[in-house]
Amino acid sequence: SRAKLFDEKTDLKTTFKDVAGLEGAKEEIQEIVEFLRNPDKYTTLGGKIPKGALLVGPPGTGKTLLAKAVAGEAKVPFFSLSGSDFVEMFVGVGASRVRDLFKQAKDKAPAIIFIDEIDAVGRARGKNNFSGSNDERENTLNQLLTEMDGFGTNTHVIVLAATNRADVLDKALLRAGRFDRQIYVDLPDVRERKEIFEVHLKPLKKVEDLDIDFLAKQTPGFSGADIANVCNEAALIAARNNKTAVDKQDFLDAVDRIVGGLEKKNKIVT
Ligand code: ATP
């Protein structure tokens, strides 16, 4: 709904064990977990804790999941909103929502703010100025920059943002003291796909001899979100066929269905 502009979650159960693969990204982001757990340790020597990090990678690769896991690992509240929610907003509303969000996060610090699809608000200014909503987008972006600059070293709020288009972002966002760290979250390789399958197979009732290596090999180019979909679809297909356990054929049928869906989507997006 349009009214629900940001979510606050304080009972986060997501941790790094829910995030399969992505070893490099987890290692990099572990540092942020440490800062949030023990901010004073890092500031007593005069160091400045980073204010933000950008998670960059294709859709469905686990950027949101990783951000939630940071909050879960550090046991801090997680405030999230999506850049695309601002697109339809009335003048003045975007900036005030950003202000409210930062105020609430600061009140509950240490905390994580997560901005999904930051490119929707953070695209370089002064381009494509033909749409009326552009001013509002710029106001929102400016407010975001103002808020991040306003953090003192003692604020202990870290802003994580996700995008699959880092190249279109306004350079002001990437400047020192803002999103000056980029963490890459790539599509999984075959070994990582196997790990992602293992996570999403856990809740399923499946045949004993299911070959997970085979499933990983059958799914090149699939994201973590695609694999989660395959597992769910396979369970639904098996149920429709009145099976008591999900078997290899159900997974193959589910893979076909997801591939079909991806092809259709690619055709529309071009
Ligand atoms: P988008 O760019 O589309 O917002 P995203 O990168 O934020 O995508 P998520 O929303 O984190 O992707 O992923 C969607 C779902 O896919 C997750 O909730 C999870 O179920 C599954 N998933 C994605 N990546 C992984 C992973 N590395 N390990 C386990 N599950 C994953």
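Residues numbered from 1 in each chain as written. Predicted model: local features only at pLDDT ≥ 70, side-chain atom pairs only at ≥ 80, totals over all residues. Heavy atoms only, no water.

- Going by an unreviewed UniProt entry, the protein carries the name ATP-dependent zinc metalloprotease FtsH and comes from Flavobacterium rivulicola.

## Side note on the pattern of salt bridges
Line of reasoning, step 1. Per the stated rule, a full pass over the model turns up 12 salt bridges.
Line of reasoning, step 2. In this structure, lysine 243 and aspartate 250 form a salt bridge, with 2.8 Å as the shortest nitrogen-oxygen distance.
Line of reasoning, step 3. Judged by its relative accessible area of 0%, aspartate 250 falls in the buried class.
Line of reasoning, step 4. Here the salt bridges do not stand alone but share partners, grouping Lys243, Asp247 and Asp250 into one network. (Salt bridge = Lys/Arg side-chain N within 4 Å of Asp/Glu carboxyl O. Buried < 20%, exposed > 50% of the residue type's maximum accessible area, 1.4 Å probe, protein only.)

## Re the site of the ligand
Line of reasoning, step 1. Taken together, 17 residues surround the ligand, and among them Ala20, Gly60, Lys63, Thr64 and His200 come closest.
Line of reasoning, step 2. Within the contact set of the ligand, an oxygen atom lies 2.9 Å away from a backbone nitrogen or oxygen of leucine 65.
Line of reasoning, step 3. Coverage of the ligand by the protein chains reaches 77% of its 630 Å² of free accessible surface.
Line of reasoning, step 4. More than half of the atoms belonging to the ligand lie within 2 Å of the grid points that define the second largest pocket.
Line of reasoning, step 5. Those elements that provide at least two residues to the shell around the ligand are helix H3 (63–74), helix H7 (190–201) and helix H9 (224–240).
Line of reasoning, step 6. For the shell around the ligand, the class distribution of residues is 8 nonpolar, 6 polar and 3 charged. (Near = heavy atom within 4 Å. Polar contact = N/O pair within 3.5 Å; in protein donor to acceptor, adjacent residues only side chain to side chain. Areas by Shrake-Rupley, 256 points an atom, 1.4 Å probe, with all protein chains shown as cover. 1 Å grid on protein atoms, 1.4 Å probe; cavity = no way out; pocket = protein on both sides within 12 Å on 5 of 7 lines; lining within 4 Å. Sits in = over half its atoms within 2 Å of the grid points. Helix = DSSP H or I, 4+ residues; strand = E, 2+ residues; numbered from the N terminus. Nonpolar A, V, L, I, M, F, W, Y, C, P; charged D, E, K, R; others polar.)

## Regarding empty space enclosed by the protein
Line of reasoning, step 1. Per the counting criterion, the structure on display carries 1 cavity of 30 Å³ or more.
Line of reasoning, step 2. Quantified by volume, the largest cavity comes out at close to 60 Å³.
Line of reasoning, step 3. As for the largest cavity, its lining consists of Leu81, Phe86, Val98, Leu101, Phe102, Ile115, Val121, Thr140 and Leu144.
Line of reasoning, step 4. Among the secondary structure elements, those contributing two or more residues to the lining of the largest cavity are helix H4 (93–107) and helix H6 (134–150).
Line of reasoning, step 5. Looking at the lining of the largest cavity, the element that brings in the most residues is H4, giving 3 residues. (Points joined across faces, edges and corners; volume = space filled by probe spheres on them.)

## Brief notes about unusual backbone geometry
Line of reasoning, step 1. Cis rather than trans, the peptide bond between alanine 109 and proline 110 has omega equal to 0°.
Line of reasoning, step 2. The phi angle at histidine 156 is positive, at roughly 60°, despite the residue not being glycine.
Line of reasoning, step 3. Structurally, histidine 156 is set in the loop between H6 and strand E5 (157–163).
Line of reasoning, step 4. Accessibility expressed as a relative area gives 17% for histidine 156, which makes it buried.

## A short note on the nonpolar core
Line of reasoning, step 1. Ile29, Ile32, Val70, Ile112 and Leu160 are the most contacted members of the largest nonpolar core, which has 28 residues in total.
Line of reasoning, step 2. Counting only elements with at least two residues in this core, the list comes to helix H1 (23–37), strand E2 (52–56), H3, strand E4 (111–116) and E5.
Line of reasoning, step 3. Sequence-distant contacts of leucine 160, defined by excluding residues within four places in its chain, comprise Ile29, Ile32, Ala53, Ala67, Val70, Ile112, Ile113, Phe114, Ile115 and Phe179.
Line of reasoning, step 4. Counting residues in hydrophobic clusters, the runner-up holds 27 residues, among them Leu81, Val98, Leu141 and Val157. (Core = buried A, V, L, I, M, F, W, Y, C linked by side-chain atoms within 4.5 Å. Contact = heavy atoms within 4.5 Å.)

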